[in-house]
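Given next are the chains, with one letter for each unit.
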Amino acid sequence: MEEETHQTLQEEPTTGSPPSKKPKMSTSDSDPEPETNSTAAPSAGEPDSSAAAPSAGEPRRRYKRRKVAILFAYCGYGYQGMQKNPGAKTIEGDFEEALFRAGAVPEADKNAPRRFDWARAARTDKGVSAAAQVVSGRFVVDPPGFVERLNEQLADQIHVFGYKRVTGAFNAKKFCDRRRYIYFLPVFALDPSSHPDREAVMASLGSDSELAKCLECSERGRKIPKELTEENNGESGSNTEERITLSENTNRTIFSYGEAEKERFNRILKTYEGTHNFHNFTTRTKAEDPSAKRYIISFNANKVVCLDGIDFVKCEVVGQSFMLHQIRKMVGMAVAIMRGCVPESLMEVAFRKDVRINVPTAPEVGLFLDECFFSSYNKKWNSSHEEVSMKDYEQQAEEFKMKYIYSHIAAMEHKEGAVALWLHSLNRRNYPDFGYLEKNGEKGEGLEKEEMEEVKEVKNDEMELKEGKELEEVKEVKNDEMELKEGKEMEEVKEVKNEEMEEMKEVKEEMEELKEAKKEQMEEVEKKQMEEVKEVENEEMEEVKKEEMEEVKEENLGCEESKD
């Protein structure tokens, strides 16, 4: 693996200098704005962390909800996935409880995520981790220290990096353009002679490429502990040494992910790129369902990393969105092809609407959500809001991956052999559809040269027809696209207007707060002025009285002198 430089962690970054038109919405915990409408009420027996401790004689301070995007990571071990599910331990369930305990959600809205506009950028399956998950909602993030309060309520395997102030209409699911997932696949999984199934071993007997029975895994799908293996071999160490020698000195050669293997594996993965019907790569989704069509931007496996002594191929896939088990089934099919279980041409068949086959699902332990992207949103609101991305938390995310995600992947392979045991299941007994092409009389090794030439000629003819005779149809399609584009633009304009209305509403509320504050200041000033006027009048009255008394005394003295 590449060397990593560690630096001081920063939970919440400070924002840059504001632009000339409108200041960016800040995520800073300083100078919170008080509000008199809403407050986060703590549960019984818990301190109210959403309100600052008032000094003697001052009223309790309450804070306003803010629309924010929270960026965090988690290790999926022990959880039944991200999405909340009644009766199951989920990341979302623990996160919502932590938000409530941290004072970000009032008691009245507990267990009612719609009330605080909850949305998640991606859903992860059981046991799948995430290095950069994003959720959004309206939360009480004041007073300062929101991130620290939230992390105190979460398990160590869930960690919040920070949050970003977003527009009122922001939705983590709808505004996410792309999701990037990483699958760490052990290099040995691509070696046909590594962890072969029982049928393959029996079929290879007597051939030049005879396979050896796997000594690490039992035929019932359990990894045999090393201690148990040594006990079964007897008390003397000679049997153990003989067994190790037999497992090492088979006809199998040492396998490595070289250039030839890399080129072939990447070619297989590249077949997934583009828009396809992935109904065979998920569950409970029919081929006719529009949601079965998904767009894969890129899929490659160019790097090999070593985790705790095991070499893993880093499979990186980027797409707009993914269905349940889709990535794990895509990896499962690619591995089956690399190991020679199925022909490569079965992939194209799996995309057909009229074909239903059972595709193997790779173990969940090697998969994790690497990042969610909000490119369109960031481009549109870069002048007034912070960028929703992991740029400020890259070092923290890498440290979390090393401590919790990578270590868990390696430990599970060492301890339970998750992928090794799964490889033993890749046979026609468990997956009869591996022989689909043979059963249906279709060629499994692709087209012959003559057929390829015929296909090229047909494609050339189609291109000529498109360029000549079908120009009118192309024009109609373009017109339809223009109408759709105009409709989308109108929707975008509508969304922008709604967001501007939300912004105006927030500005109006802030103006009202400022107006009330100024009114209070004016009242205090008037009160002080009235008191000063009264003091001046009292002083003048006292002076007048004093002068009158002196005049009366002078008159009395004059009268007495005249009498004398």
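Just so it is clear, the structure is predicted and the values come from calculations on it, not from any experiment. All residue numbers refer to positions counted from 1 along the written sequence of the respective chain. Note on the predicted model: pLDDT of at least 70 is required for a residue's local features to be given, and 80 or more for side-chain atom pairs to be given and counted; whole-chain, interface and lining totals, by contrast, use all residues. The basis for every side-chain value is the complete set of non-hydrogen atoms in the structure, without hydrogens or water.

Engineer: I'm lost on the overall build of the chain in this one. Help?
Structural biologist: In this description a helix means any DSSP run of H or I spanning at least four residues, a strand means any run of E spanning at least two, and both kinds are numbered starting from the N terminus. When helices and strands are counted, the chain shows 14 helices and nine strands. Any pair of residues with heavy atoms lying within 4.5 Å of one another is described as a contacting pair. Partitioning the intrachain contacts of the chain with sequence separation of at least 6 by distance along the chain shows that 77% fall at a separation of at least 24.

Engineer: Looking at this structure, how should I read the pattern of salt bridges?
Structural biologist: Opposite charge on two side chains permits pairing when their charged atoms draw close. Salt bridges are defined by distance alone: a side-chain nitrogen of Lys or Arg within 4 Å of a carboxyl oxygen of Asp or Glu. Under the criterion given, the structure shown has 22 salt bridges. As a salt-bridge pair, Lys67 and Asp117 come within 2.8 Å of each other at their nearest N and O atoms. Here the residue Lys67 occupies a position in strand 1 (residues 66–74), and Asp117 occupies one in the loop between helix 1 (91–101) and strand 2 (119–120), the gap between them amounting to 50 residues. The buried label goes to any residue with under 20% of its type's maximum accessible area, the exposed label to any with over 50%, and the partly exposed label to all in between, with areas taken from a 1.4 Å probe on protein chains only. Lys67 gets classed as buried once you look at its relative accessible area, which sits at 2%. Classification of Asp117 as partly exposed rests on a relative accessible area of 30%. Among the ionic pairs, Arg115 bridges to Asp109, the shortest N-O distance being 3.6 Å.

Engineer: Explain the packing of aromatic side chains to me, please; I cannot follow it from the model alone.
Structural biologist: Centre distance within 6.5 Å is the pairing criterion for rings of Phe, Tyr and Trp, where only the six-membered ring of Trp is used; planes under 30 degrees apart are then read as stacked, over 60 as edge-to-face, and the remainder as tilted. Here the structure, examined in full by the defined rule, presents 27 aromatic pairs. With centroids separated by 6.1 Å and ring planes inclined at 50 degrees, the aromatic side chains of Phe95 and Trp118 adopt a geometry described as tilted. Note that Phe95 is positioned in helix 1 and Trp118 in the loop between helix 1 and strand 2, a separation of 23 residues in sequence. For the pair Phe170 and Phe374, a centre-to-centre distance of 5.6 Å together with 45 degrees between the ring planes defines the contact as tilted. Taken as a pair, Phe170 in the loop between strand 4 (158–165) and strand 5 (178–186) and Phe374 in the loop between strand 9 (367–373) and helix 9 (375–380) lie far apart in primary sequence, 204 residues in all.

Engineer: So what exactly am I meant to see when it comes to the confidence of the model for the chain here?
Structural biologist: Close inspection of predicted coordinates is inappropriate for parts of the model with low pLDDT. A score between 0 and 100, pLDDT records how confident the predictor is in each residue. Looking at the chain, the pLDDT average stands at 79 and 72% of residues meet or exceed 70. Segment residues 1–22: pLDDT under 50, and 46 contacts once partners within four positions in sequence are set aside and those in other chains are kept. Throughout residues 444–451 the model reports pLDDT below 50, and contacts reaching past four residues in sequence, or to other chains, amount to 10 contacts.

Engineer: Explanation requested: unusual backbone geometry in the structure shown.
Structural biologist: For residues that are not glycine, phi is negative in most cases, and the peptide bond is trans in most cases. Following Asp142, the chain continues to Pro143 via a peptide bond in cis, the omega torsion being 0 degrees. Mapped onto the fold, Pro143 is located in the loop between strand 3 (129–139) and helix 2 (146–152). Although it is not a glycine, Asp308 sits at a positive phi angle of roughly 50 degrees. As for its placement among the helices and strands, Asp308 is situated in the loop between strand 7 (293–307) and strand 8 (310–319). Classification of Asp308 as exposed rests on a relative accessible area of 58%.

Engineer: Would you explain the nonpolar core in this entry?
Structural biologist: Generally speaking, nonpolar side chains in soluble globular proteins are found buried as a group. In this description, a nonpolar core means a group of buried Ala, Val, Leu, Ile, Met, Phe, Trp, Tyr and Cys residues linked to one another through side-chain atoms lying within 4.5 Å. With 113 residues, the main nonpolar core has Ile70, Phe95, Phe265 and Met333 as its most contacted residues. Take this core: its biggest share by element is nine residues, from helix 7 (residues 326–338). Setting aside its immediate chain neighbours within four residues, Ile70 contacts Phe95, Leu99, Gln133, Val134, Val135, Phe139, Phe146, Leu150, Val160, Gly162 and Tyr163.

Engineer: Just to check I follow, could you spell out the packing of helix 6 (residues 259–270) against helix 7 for this structure?
Structural biologist: Each packed pair of helices is defined by two parameters, the angle between the axes and the distance between the axes. For helices, the fitted line uses only the C-alpha atoms of the stretch in contact; every axis is such a line through C-alpha atoms, and the angle between N-to-C directions lies from 0 to 180 degrees. With their axes 10 Å apart at the nearest point, helix 6 and helix 7 run at an angle of 135 degrees to one another. If you check the angle between helix 6 and helix 7, you find them oblique. For the crossing formed where helix 6 meets helix 7, the hand is right-handed. Counted together, Glu261, Arg264, Phe265, Ile268 and Leu269 of helix 6 and Ala334, Ile337 and Met338 of helix 7 form the full contact between these two elements. Under the scheme applied here, ten amino acids are nonpolar (Ala, Val, Leu, Ile, Met, Phe, Trp, Tyr, Cys and Pro), four are charged (Asp, Glu, Lys and Arg), and all others, including Gly, are polar. Taken together, the residues of the contact of helix 6 with helix 7 break down into six nonpolar, no polar and two charged. Should an angle fall under 35 degrees it is taken as roughly parallel, and over 145 as roughly antiparallel, whereas 65 to 115 is taken as roughly perpendicular and any remaining angle as oblique. Note on convention: near helix rotated counterclockwise from far helix by under a right angle means a left-handed crossing. Clockwise means right-handed.

Engineer: I'm lost on helix 7 in this one. Help?
Structural biologist: An α-helix turns once every 3.6 residues. As a result, residues three or four positions apart point the same way. Across its 13 residues, helix 7 extends 19 Å between first and last C-alpha, which sits within 8% of the 18 Å expected from 1.5 Å per residue. Along helix 7, 13 of the 13 residues are buried, which leaves the element largely enclosed by surrounding structure. Gly340 sits one or two residues past helix 7 and shows a positive phi near 80 degrees. By this rule, a helix spans an expected 1.5 Å times one less than how many residues it contains.

Engineer: How should I be thinking about the side chain of Gln326 in this particular structure?
Structural biologist: You can see Gln326 is positioned in helix 7. For Gln326, the residues in contact, after removing those within four places along its chain, are Phe278, Phe281, Arg294, Ile296 and Ser321.

Engineer: Which parts of the structure should I look at to understand helix 10 (residues 394–415)?
Structural biologist: Taking 1.5 Å of rise per residue, 22 residues should cover 32 Å, and helix 10 covers 30 Å from first to last C-alpha, within 8% of that figure. The largest bend in helix 10 is about 45 degrees, located at Lys401. Bend is the name given here to the angle between axes fitted to two runs of seven residues, the run ending at a residue and the run starting at it.

Engineer: Please clarify how the environment of Glu398 should be interpreted in this entry.
Structural biologist: In this fold, Glu398 is placed in helix 10. Residue Glu398 is classed as partly exposed on the basis of its relative accessible area of 22%. Here the alpha-carbon distance between Glu398 and Ala131, two residues 267 residues apart in the chain, equals 8.1 Å.

Engineer: When you look at the environment of Phe312 in this model, what are you seeing that I'm missing?
Structural biologist: Relative to the helices and strands, Phe312 resides in strand 8. Sequence separation of Phe312 and Phe184 is 128 residues, and the distance between their C-alpha atoms is 5.5 Å. Beyond its immediate sequence surroundings of up to four residues, Phe312 is in contact with Phe184, Leu185, Pro186, Val187, Lys303, Val304, Val305, Leu307, Ile409 and Ala410.

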